[in-house]
Amino acid sequence: MLPFTADDLKAIQTETFIEHLDYFESLASTNSWALSTHCVPAGSATSRETSFPSLVLTASQTAGRGRGSNSWWSPEGGLTFSLIVDTRTLQIQLEQQPLIALATGLAVCETLEKHLPDFSLQLKWPNDVYLQQKKVAGILVETAATQPGLVVIGVGVNLNNSFLSAEAELQSLGTSLYETTGQKYSLSSILIDLINGIENRLYDVAGETNSFMADWRRYCLLTGRSLRINTGLEVKQGTCLEVDDQGFLILQTETGIERIISGTIEQF
C-alpha cells in the first residue's frame, strides 16, 4: 500500500490552504528541495513558478536535516514535509518570524494531542515536540537570503515508524505514536490536520498580541528546569523561568536574568 494515494494528495489540496503540492516517493530533504527550487530568484536554473502556500511531501526522506549540523532520522512510516509560506501574504512582519517555529510546534502538539488524549505531550524550546518524555516531532524553519519573504517550515513526525531499527542512542531519546499507543495512523489524515493547525497558528503570529504564547507555555517542558544552552557564541547554564511572548527563553543564571532568542539545549 502506497503511503499517499492519488486520492490522498487530492484531499490534501482540497481540505487545506495548500495551493501547490510537490510529491516524491523518495527525497533527500524536503527543506533542501524547497529552498533550492521555490526560494530562488525567478529565472534561475532550478526555479519554478509556484503559488503559495506550497507543500513538499515525500514518502521517504533519506537525508533529513535538523537544526545546525543535526540530522533527522526518517524511517518508513514517518511523516516528513515542508511548507513554503509567503510571510507578506500572511502579514507576518520580519521581527515576528522567530515565532513561526514556536507556533508550528504548538500546532503539532495540539494536533497530536487530539489523537493522544491520555498521553503527555510537551514542547521543548525552540522546536521539538515530546511525547511521554521522548522526542516525537521536530521543526526546522529556514529562509533564503534571495527570497526573504518566503519561509520554509520543515516538520518531521514519528508516526507509524518503530525505533527498534534505530541506533541505541536514538532508541533512548525518541518515540513514535505507534510505539506509544500500538496503533497505526493515517498519514494523510494526520497531515491534513497538521496543516490546518499550522495555518491557524500562523495567523496568530500575524496578530498584534502574541496571545498564542500563553497556550505554548502550557506545554513547556523546560519551565523550572536547570539546563545548559549553547547560543552559538557561548554556553550558558541556569534555570528556565519561562518563554516570553516574543519567543525568548528567560534564563536565571548566577549573574542575573538573561533573554535568549536562539540556541541549542544541550542538557536539561
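Attention here is on the structure that accompanies the text. (Residues numbered from 1 in each chain as written. Predicted model: local features only at pLDDT ≥ 70, side-chain atom pairs only at ≥ 80, totals over all residues. Heavy atoms only, no water.)

### A few points about the sheet that holds strand β5 (residues 79-86)
So, step 1. Ordered by their spatial adjacency, 7 strands build an open sheet running β1-β2-β5-β9-β8-β7-β6, and the pairing between neighbours is mixed. Both edges of this open sheet fall to β1 (20-24) and β6 (121-124), since each of them pairs with a single strand only. Going from strand to strand, the sheet's axes swing by 15° on average, the running direction of each strand aside.
So, step 2. Note: β6 against strand β7 (residues 128-131), 4 bridges, orientation antiparallel. If you follow Lys 124 over to β7, its bridge partner there is Asp 128.
So, step 3. Taken strand by strand, helix α7 (residues 187-205) contacts β2 (54-58), β5 and β9 (147-157), and its axis lies near 30° from that of β5. (Pairing = 2+ DSSP bridges. Helix = DSSP H or I, 4+ residues; strand = E, 2+ residues; numbered from the N terminus. Axes fitted to C-alpha atoms, helices over the stretch in contact; angles between N-to-C directions. Contact = heavy atoms within 4.5 Å.)

### Things to note about the sheet that holds strand β10 (residues 226-230)
So, step 1. Read across the open sheet, the 5 strands follow the order β13-β12-β11-β10-β14; overall the sheet is antiparallel. What marks the edges here is a single partner per strand, and that holds for β13 (256-260) and β14 (264-267). In this sheet, neighbouring strand axes are inclined to one another by 50° on average, regardless of whether the strands run parallel or antiparallel.
So, step 2. Sheet topology note: the β10/β14 ladder contains 3 bridges and is antiparallel. The partner of Arg 228 across the bridge, within β14, is Gln 267.

### So, the packing of aromatic side chains
Centre-to-centre distance and the angle between the planes together describe a pair of aromatic rings.
So, step 1. Enumeration over the complete set of coordinates arrives at 3 aromatic pairs.
So, step 2. Between Phe 4 and Tyr 23, the aromatic rings sit 5.7 Å apart at their centres with planes inclined by 75°, giving edge-to-face as the arrangement. Separated by 19 residues along the polypeptide, Phe 4 in the segment before α1 (6-14) and Tyr 23 in strand β1 bring together distant segments of the chain.
So, step 3. Centroid distance Tyr 130 to Phe 268: 6.2 Å. Interplanar angle 80°. Geometry classified as edge-to-face. Here the residue Tyr 130 occupies a position in strand β7, and Phe 268 occupies one in the segment after β14, the gap between them amounting to 138 residues.
So, step 4. Relative accessible area serves as the criterion here: at 9%, Tyr 130 is assigned to the buried category.
So, step 5. Just above the ring of Tyr 178 sits the side chain of Lys 184; from NZ or CZ to the centre is 4.2 Å. (Phe/Tyr/Trp six-rings, centres within 6.5 Å; stacked < 30°, edge-to-face > 60°. Buried < 20%, exposed > 50% of the residue type's maximum accessible area, 1.4 Å probe, protein only. Lys NZ or Arg CZ within 6 Å of the ring centre and 35° of its normal.)

### Quick look at unusual backbone geometry
So, step 1. Geometrically, the link from Phe 52 to Pro 53 is a cis peptide bond, its omega value of 5° lying close to zero.
So, step 2. For Pro 53, the location among the structural elements is in the loop between α2 (30-37) and β2.
So, step 3. With an omega of 0°, the peptide bond running from Trp 125 to Pro 126 counts as cis.
So, step 4. Topologically, Pro 126 is positioned in the loop between β6 and β7.
So, step 5. Although it is not a glycine, Gln 91 sits at a positive phi angle of roughly 65°.
So, step 6. Tracing the backbone shows Gln 91 in the loop between α3 (87-90) and α4 (99-115).
So, step 7. At Gln 133, a residue that is not glycine, the phi angle is positive and equals roughly 70°.
So, step 8. Within the secondary structure, Gln 133 sits in the loop between β7 and β8 (134-144).
So, step 9. Gln 133 sits in the partly exposed class, given a relative accessible area of 46%.

### Here we look at the packing of α1 against α7
So, step 1. The N-to-C vectors of α1 and α7 enclose an angle of 15°; their axes lie 10 Å apart at closest approach. Considered as vectors, α1 and α7 are oriented roughly parallel to each other. The way α1 lies across α7 gives a crossing that is right-handed. Judged by residue contacts, Asp 8, Ala 11 and Ile 12 of α1 engage Ser 188, Leu 191, Ile 192 and Ile 195 from α7.
So, step 2. Residue composition of the contact of α1 with α7, by class: 5 nonpolar, 1 polar and 1 charged. (Parallel < 35°, antiparallel > 145°, perpendicular 65-115°, else oblique. Left-handed = near helix turned anticlockwise from the far one by under 90°. Nonpolar A, V, L, I, M, F, W, Y, C, P; charged D, E, K, R; others polar.)

No statement about biological role is implied by the geometric values presented.
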